[in-house]
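# Structural overview for review
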Amino acid sequence: MESTQIADNLETKTEADVIPENDAKTGDEEKKTEIVDPYAYLKRQDFTSEKFKIEIRGLPKFYGIGELKKLLNVKLKLGSNKIKPPKRGSHWVYVCFRSEEDREEALKAIDGFTWKNKTLSAENANAAPDPLVKRRIANNQQDDNTAKRCKLEDVRTQEEIIKSNATPLCDVPYEEQLKMKQQKARKLLERFGNELATANRSLKPWLDSQKAKFDGLPCQLLDIVSVKDHCDGYRNKCEFTIGINQETKEKAIGFRLGSYVLGNTGVGPIQNLKNIPPRMKEAVSAFEKFVRSSELDVFDPETQSGHWKQLTARYGFVTDQLMLIVGVNPQIGSPQQLTEQQLEDVKQKLRDFFTDGEGKCIKVTSLYFQIIRKKQAGEILPSPEHILGEKYIVEVLSGLKFKISPESFFQINTKTAELLYDNVGNLADLNGETTLLDICCGTGTIGLSLASKCGQVLGLELIEEAVKYAKENAEENKITNCEFFCGKAEEIITSVACKAVHKKVVAVVDPPRAGLHQKAVILLRRLQNIEKMVFLACDAKAALKNFVDLGRPASKTLTGDPYVPIAAVAVDLFPHTNHCELVLCFQRMDPGQLSSNDNK
């Protein structure tokens, strides 16, 4: 969740168009006459929605992207692939489709259509240039002095760049890191308090009272929580990119040096990073030798050629079990396409390498093979294929054993996660007469860890395999007061909550980095039997909208009493980085309480 992905298919950009063979030249003269085309990617067979883009103008002054999507995909049934809004406040937008037929249908349906008393216009839009090639052209057009200045901008080594990207605080004393993160949590809460007061004016007297108690904050902020003797080598999962080392020009496994848009597709070494455990570093070094000896090329994001793409490692610190997931692009539909037999040969070579070859010393517990490629509309790519060892690894957390599969969620820092869950339990104020509603439960780590402190646990999770393992984890640990259900939180929260056997219901929410879906927020507001909610945010800034919406006044959409913050604590799951988990405890606020308090 900390890694960055470049949006759209412009990540998969172009190879340069060169001069015809009969005019070809050699050496420096050939380089000077090379023609670089920032639109060459449109000529390739691989899909990009830039080929089928339209521009819609005349939009109303106030509208939401969600509303526009509903208009296009639900009302007009156009099936847009992507919406690309320009700067905030603009009255035009780009919309991409998956085929020429879909684009033509959209042009006919939208042009002249009236929406919110505004007549829309639609026309074909030009594709965006390849950002990497565009930057390359700009660099080639610079004069010598400008080029020298650009080179002086960053003279760091690859190791220094990777360290700065992945662990920007690694040279800051750990006590100072904690102070910085506590201050960051404080500023976020201050902002939340101000936005909540604006969103729900009836809460202002109560918020003013809270701020007087807690030094300007809307709730109590406890001291930051961390495991100071486990701030190095703590990551139990890493996704490594397979590519080219720009300095050595060799095949390499590590982290990207920069983004495609900024013109950098190279891969730098990870051996000096503080947050990666030695076992993972050893696995990377060993597998790098395998890739270098392979006849297959590494994947090139510019030309979309090559096969070796990604290595994911998952590690159990207590059990010392290691899972590796090898990601390959089979290049379906291209001249480089691997046949089924070639793919089987690759899998067998991987088995041989980790059982009898140089990779044997890594002692891989579980090995998977994963196809990584662009999916077509409505397509579901296959899950990773198990090819060697156990189907899962086991980790111990809070004295319980948990099975971890390739796709299941597990907190990135095992030891600190134990403290995280202890604090969740304390904030939730659980007892034997409490039902814990574990939303986005993954493999059940939170609910199972707190099961002994409450009467009932009801977990819900989108990923079917994770729910399967959650049930197995409950059985393995002989925990009988837990049930787990599969489905989207926004679709099954109500039905699952109805299974609560206790009057006191506390929800624990641990959503993805982007936060909860708005429909889930609406349903949580509607469920009046939820007394408290503990929200775990790995990116509190991204979840701020959720926080504010939970506290808005009742309306046609947000029914039920609002939730207000009563306590918060920062937990440092990510030492040496700028990230920190913020745990925020909410309680229902009856509007009648506000009135009675005002009269006192």
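Refer to the structure printed above.
The following paragraphs examine the structure supplied in this document. (Residues numbered from 1 in each chain as written. Predicted model: local features only at pLDDT ≥ 70, side-chain atom pairs only at ≥ 80, totals over all residues. Heavy atoms only, no water.)

## A short note on the overall build of the chain
To be explicit about the condition: Each helix is a run of H or I in the DSSP string that is no shorter than four residues. Each strand is a run of E no shorter than two, and both are numbered from the N terminus. Accessibility here uses a 1.4 Å probe with only protein chains present; expressed as a share of the type maximum, an area under 20% marks a residue as buried, one over 50% as exposed, and anything in between as partly exposed. Here, residues are in contact when the closest pair of their heavy atoms is within 4.5 Å. Note that accessible areas follow from Shrake-Rupley with a 1.4 Å probe, and for residues the cover is restricted to the protein chains shown.
Regarding its fold elements, the chain presents 17 helices and 23 strands. Counting every position in the chain, which comprises 600 residues, the buried fraction comes to 50%. Pairs at least 24 residues apart make up 70% of the contacts formed inside the chain by residues separated by at least 6 positions. Within the structure as shown, the chain displays about 29300 Å² of accessible surface, and the carbon and sulfur contribution to it stands at 49%.

## As for the pattern of salt bridges
Stated precisely, the cut-off is as follows: Salt bridges are defined by distance alone: a side-chain nitrogen of Lys or Arg within 4 Å of a carboxyl oxygen of Asp or Glu.
Enumeration according to the criterion identifies 25 salt bridges in this entry. Here glutamate 55 makes a salt bridge to arginine 57, at a shortest N to O gap of 2.4 Å. The salt bridge partner of glutamate 176 is lysine 179, with a shortest N-O separation of 3.6 Å. Note that glutamate 176 and lysine 179 are positioned in helix H7 (residues 174–199) at a spacing of three residues, about one turn of the helix. On the basis of relative accessibility, which here comes to 54%, the residue lysine 179 falls in the exposed class. Among the charged side chains, a salt-bridge network with shared partners connects Glu50, Lys53 and Lys84.

## Digging into the sheet that holds strand S20 (residues 504–509)
As a reminder of what qualifies: Only strands that DSSP links by at least two bridges are regarded as paired with each other. Fitted lines through C-alpha atoms serve as axes, helices being fitted only where they are in contact, and the angles separating the N-to-C directions of these axes extend from 0 to 180 degrees.
Read from one edge of the open sheet, eight strands run S7-S22-S23-S21-S20-S17-S18-S19, paired in mixed fashion. Edge positions in the open sheet fall to strand S7 (220–221) and strand S19 (482–486), since each of these has one partner strand only. Seen against the sheet, helix H13 (residues 464–476) touches strand S18 (456–461) and S19 and runs at an angle of roughly 170° to S19.

## Some remarks on the pairing of strand S17 (residues 434–439)
As a reminder, the rule being used: With its strands directed away from the observer, a crossover is right-handed exactly when the path from the first strand over the helix to the second travels clockwise.
Buried residues dominate S17, accounting for six of its six residues. The two faces of S17 match: Thr434, Leu436 and Asp438 on one face and Thr435, Leu437 and Ile439 on the other face are all buried. Here S17 pairs with S20 via six bridges, running parallel. In the strand pairing of S20, isoleucine 439 is matched with valine 509. One ladder, built from five bridges, connects S17 with S18; its direction is parallel. Counterpart to aspartate 438 in the pairing with S18 is glycine 459. This β-α-β element, S17 to helix H12 (residues 445–450) to S18, shows right-handed connectivity.

## Some remarks on the environment of isoleucine 325
Here isoleucine 325 shows up in strand S12 (residues 321–328). Since its relative accessible area comes to 3%, isoleucine 325 is described here as buried. Between the C-alpha atoms of isoleucine 325 and histidine 386, which are 61 residues apart in sequence, the distance is 8.9 Å. Beyond its immediate chain neighbours, meaning those up to four positions away, isoleucine 325 contacts Gln310, Leu311, Thr312, Tyr368, Gln370, Pro384 and Pro406.

## What to know about the pairing of S20
Of all six residues in S20, six are buried; the element is thus mostly enclosed. The two faces of S20 match: Lys504, Val506 and Val508 on one face and Val505, Ala507 and Val509 on the other face are all buried. Handedness of the crossover joining S20 and strand S21 (residues 530–537) through helix H15 (residues 518–526): right-handed.

## Concerning the environment of phenylalanine 547
Looking at the element boundaries, phenylalanine 547 is found in helix H16 (residues 540–550). Separated by 354 residues in sequence, phenylalanine 547 and glycine 193 place their C-alpha atoms 9.8 Å apart.

## A look at unusual backbone geometry
One non-glycine residue with positive phi stands out, namely aspartate 215, at about 55°. As for its placement among the helices and strands, aspartate 215 is situated in the loop between helix H8 (204–213) and S7. Aspartate 215 gets classed as exposed once you look at its relative accessible area, which sits at 57%. Located in the positive-phi region is aspartate 429, a residue other than glycine, with phi close to 55°. Its location among the elements puts aspartate 429 in the loop between helix H11 (414–428) and S17.

## Some details on the packing of helix H9 (residues 278–293) against helix H10 (residues 340–355)
Stated formally: Note on angle classes: values under 35 degrees are labelled roughly parallel, values over 145 roughly antiparallel, values of 65 to 115 roughly perpendicular, and the remainder oblique. Each crossing gets its hand from how the near helix is turned against the far one by less than a right angle, where anticlockwise is left-handed and clockwise is right-handed.
Contact geometry for H9 and H10: axes closest at 12 Å, N-to-C directions at 135°. In this view, H9 runs oblique relative to H10, as classed from their interaxial angle. Of the two possible hands of crossing, H9 and H10 adopt the one that is right-handed. For the pair H9 and H10, contact is made by Ala286, Phe287 and Phe290 and by Lys349, Leu350, Phe353 and Phe354, respectively.

## Brief notes about the packing of aromatic side chains
Convention followed: Here the aromatic set is Phe, Tyr and Trp, taking the six-membered ring for Trp, and pairing holds for ring centres within 6.5 Å; pairs whose planes are under 30 degrees apart are stacked, those over 60 apart are edge-to-face, and all others are tilted. Lysine and arginine charges are scored as sitting over a ring when NZ or CZ, respectively, is within 6 Å of the ring centre and within 35 degrees of the ring normal.
Enumeration over the complete set of coordinates arrives at 16 aromatic pairs. Aromatic pair tyrosine 63 and tryptophan 115: ring centres 6.0 Å apart, planes at 65°, arrangement edge-to-face. One end of the pair, tyrosine 63, is in the loop between strand S1 (53–57) and helix H2 (65–75); the other, tryptophan 115, is in strand S4 (residues 114–115), with 52 residues separating them in the sequence. The buried category is assigned to tryptophan 115, whose relative accessible area is 10%. Centre to centre, the rings of phenylalanine 535 and phenylalanine 547 are 5.1 Å apart; their planes meet at 90°, and the pair counts as edge-to-face. On the criterion of sequence distance, the pair formed by phenylalanine 535 in strand S21 and phenylalanine 547 in helix H16 is long-range, its members being 12 residues apart. We classify phenylalanine 535 as buried; its relative accessible area is 0%. Phenylalanine 547 sits in the buried class, given a relative accessible area of 0%. The cationic tip of lysine 53 hangs over the ring face of tyrosine 94; the distance from NZ or CZ to the ring centre is 4.4 Å. Positioned over the ring face of phenylalanine 299 is lysine 309, at 4.4 Å from the centre of the ring.

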